[in-house]
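# Residue-level structural notes
Next come the chains, spelled out residue by residue.
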Amino acid sequence: QDFRFDFIGKRSIAAVLSVVLIIASLGSLATQRLNFGIDFAGGILMEVRSDQPIEVSAVRAQVGGLGLGDVSITTFGEEGRDLLIRIQKQEGEDEAQAAALTLVRETLGDAYEYRRTELVGPKVGQELITDGALAVALALLAICFYIWFRFEWQFAAGATLALSHDVIATIGLFSIFQMEFNLTTVAAVLTIAGYSINDTVVAYDRVREMLRKYKKLALPDLVNLALNRVLSRTLLTSFTTLLAVTALSVFGGEVLRGFSIALMWGVVIGTYSSIYVAMPVLIYFDL
């Protein structure tokens with residue numbers, strides 16, 4: 001399909017939209033902050049096993065109705081007979097945590113073998129926050145160096161800005177709507193970075209190819225031509241990815257809800273940034 005959209009002609013409007021999005025995200029992070037899950041905020045961790053396959057929805061309803069706050073329940077192991085129960089840290093000292101554990105055990109009864117019980121304290125949560133932020137920062141840095149090595153510094157600058165835009169916008173989304181932010185969300189953010197840079201590299205490769213082929217063509221027209229040439233590939237990739245992620249959101253259950261929402265948003269914002277953030281940078285730097 002031969003598209004003829006004037007993407008670069010709309011770069012000023014897109015720049016205003018991006019600035020508003022980033023300001024809203026940073027403003028929310030500064031005021032509301034993130035709604036950290038048990039992984040980061042600390043809490044109680046229980047590993048239990050049953051002789052029979054476990055109906056997770058029933059257990060989630062039982063434990064979730066005890067008034068202990070945020071509760072996360074996931075299955076693992078063979079045949080779905082093992083459960084990992086995470087409960088947010090209770091107000092009070094060790095006695096409050098022990099009371100919560102007793103209440104959960106009394107509710108679940110003797111049908112389960114209680115294999116492990118741990119208390120994830122604030123110190124561990126803070127270490128996970130630091131490690132998660134470090135993982136994202138190192139991933140962005142490594143991608144930047146790769147693009148610099150593969151192309152030129154202007155391309156690296158555009159890719160870095162686009163990736164930073166995507167990461168801030170995704171984290172800001174979780175802050176604005178106060179969705180739970182946990183280690184699974186960090187994995188989603190890193191996945192979004194990989195998806196976005198893949199889209200950007202494909203477009204950059206076409207720009208580099210056309211720079212050699214159309215040496216007299218004005219740069220905005222050349223970038224527009226490159227974007228239109230890869231648009232069908234971008235749309236098909238984004239559409240099929242969205243189908244898979246939407247299915248994950250609908251059928252993946254509550255445990256994967258935040259992860260799938262982050263990925264859906266990431267596909268949209270990653271495609272947008274590849275066109276309206278990474279590409280205009282080449283023109284601003286007069287490649």
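Everything discussed here concerns the structure shown above.
Since the model is a prediction, treat every value here as computed from it, not as a measurement.

## Re the overall build of the protein chain
On a plain count of helices and strands, the protein chain comes out with 10 helices and six strands. For the protein chain, the C-alpha atoms occupy an extent of roughly 80 × 35 × 30 Å along the three principal directions. Looking at the protein chain residue by residue over its 287 residues, the buried ones come to 42%. In the protein chain, once contacts between residues fewer than 6 apart in sequence are set aside, the share between residues at least 24 apart is 78%. Accessible area of the protein chain: about 15,100 Å², with a carbon and sulfur share of 61%.

## Observations regarding the packing of helix α8 (residues 219-251) against helix α9 (residues 257-276)
Remark: α8 packs on α9, axes separated minimally by 9 Å, with the N-to-C direction vectors making an angle of 170°. Regarding the angle of α8 to α9, the classification is roughly antiparallel. Each of Leu227, Thr234, Ser238, Thr241, Leu242, Val245, Thr246, Leu248 and Ser249 in α8 lies in contact with α9, whose residues at this interface are Arg257, Phe259, Ser260, Leu263, Met264, Val267, Thr271 and Ile275. For the contact of α8 with α9, the class distribution of residues is nine nonpolar, seven polar and one charged.

## Let's talk about unusual backbone geometry
Although it is not a glycine, Arg33 adopts a positive phi angle of roughly 60°. Examined against the element boundaries, Arg33 turns out to sit in the loop between α1 (11-31) and β1 (35-36). Residue class for Arg33 comes out exposed when judged on its relative accessible area of 58%. Its identity as a non-glycine residue notwithstanding, Gln178 has a phi of 50°, on the positive side. Mapping Gln178 onto the fold places it in the loop between α6 (153-176) and β6 (180-181).

## Comments concerning the nonpolar core
Counting 52 residues, the largest nonpolar core has Ile147, Tyr204, Leu227 and Met279 as its most contacted members. Broken down by secondary-structure element, the contributors of at least two residues to this core are α5 (122-150), α6, α7 (183-213), α8, α9 and α10 (278-284). For this core, the leading source of residues is α7, giving 11 residues. Ignoring sequence-local partners within four residues, the contact set of Leu227 consists of Phe7, Ile8, Ala203, Ile275 and Met279.

## Focus on the environment of Pro220
Summarising the element assignment, Pro220 is placed in helix α8. Spatially, the C-alpha atoms of Pro220 and Ala157 are 18 Å apart, while their sequence positions differ by 63 residues.

## Points about a nonpolar patch on the surface
A contiguous nonpolar surface patch, about 750 Å² in accessible area, is contributed by Leu134, Leu138, Leu141, Phe145, Trp148, Trp153 and Phe285. At five residues, the largest contribution of residues to the nonpolar patch is made by α5. Relative to the helices and strands, Leu141 resides in helix α5. Assessed through its relative accessible area of 45%, Leu141 is described here as partly exposed.

## Section: the pattern of salt bridges
In the structure shown here, the tally under the stated rule is eight salt bridges. Glu113 serves as the salt-bridge partner of Arg115, at 3.6 Å between the closest nitrogen and oxygen. Look at the salt bridges and you will find they share partners, linking Glu47, Glu113, Arg115 and Arg116 into a network.

## Some details on the environment of Arg105
For Arg105, the position within the fold is in helix α4 (residues 94-108). Taking the C-alpha atoms as reference points, Arg105 and Ile176, separated by 71 residues in sequence, lie 36 Å from one another. Non-local contacts of Arg105, meaning those with residues more than four positions away in its chain, are made with Met46, Tyr114 and Thr117.

## Focus: the packing of aromatic side chains
One pass over the structure, following the stated rule, counts nine aromatic pairs. Put simply, the rings of Phe5, Phe7, Tyr272 and Tyr276 touch in pairs and so form one group of aromatic residues.

## Describing the side chain of Gln154
Examined against the element boundaries, Gln154 turns out to sit in helix α6. Gln154 gets classed as buried once you look at its relative accessible area, which sits at 9%. Among the polar contacts made by the side chain of Gln154, one reaches the side chain of Trp153 at a distance of 3.4 Å.

## Some remarks on the environment of Tyr204
The residue Tyr204 is located in helix α7 in this model. A relative accessible area of 0% places Tyr204 in the buried class. On a C-alpha basis, the gap between Tyr204 and Arg49 in space is 51 Å, while along the polypeptide they are 155 residues apart. Separated by 2.9 Å, the side chain of Tyr204 and the backbone oxygen of Ala278 make a polar contact.

Reading the values: rules and limits
- Residues numbered from 1 in each chain as written.
- Predicted model: local features only at pLDDT ≥ 70, side-chain atom pairs only at ≥ 80, totals over all residues.
- Heavy atoms only, no water.
- Helix = DSSP H or I, 4+ residues; strand = E, 2+ residues; numbered from the N terminus.
- Buried < 20%, exposed > 50% of the residue type's maximum accessible area, 1.4 Å probe, protein only.
- Contact = heavy atoms within 4.5 Å.
- Areas by Shrake-Rupley, 256 points an atom, 1.4 Å probe, with all protein chains shown as cover.
- Axes fitted to C-alpha atoms, helices over the stretch in contact; angles between N-to-C directions.
- Parallel < 35°, antiparallel > 145°, perpendicular 65-115°, else oblique.
- Nonpolar A, V, L, I, M, F, W, Y, C, P; charged D, E, K, R; others polar.
- Core = buried A, V, L, I, M, F, W, Y, C linked by side-chain atoms within 4.5 Å.
- Patch = residues over 30% accessible without salt bridge, like charges linked within 9 Å, V, L, I, M, F, W, Y side chains within 5 Å.
- Salt bridge = Lys/Arg side-chain N within 4 Å of Asp/Glu carboxyl O.
- Phe/Tyr/Trp six-rings, centres within 6.5 Å; stacked < 30°, edge-to-face > 60°.
- Polar contact = N/O pair within 3.5 Å; in protein donor to acceptor, adjacent residues only side chain to side chain.

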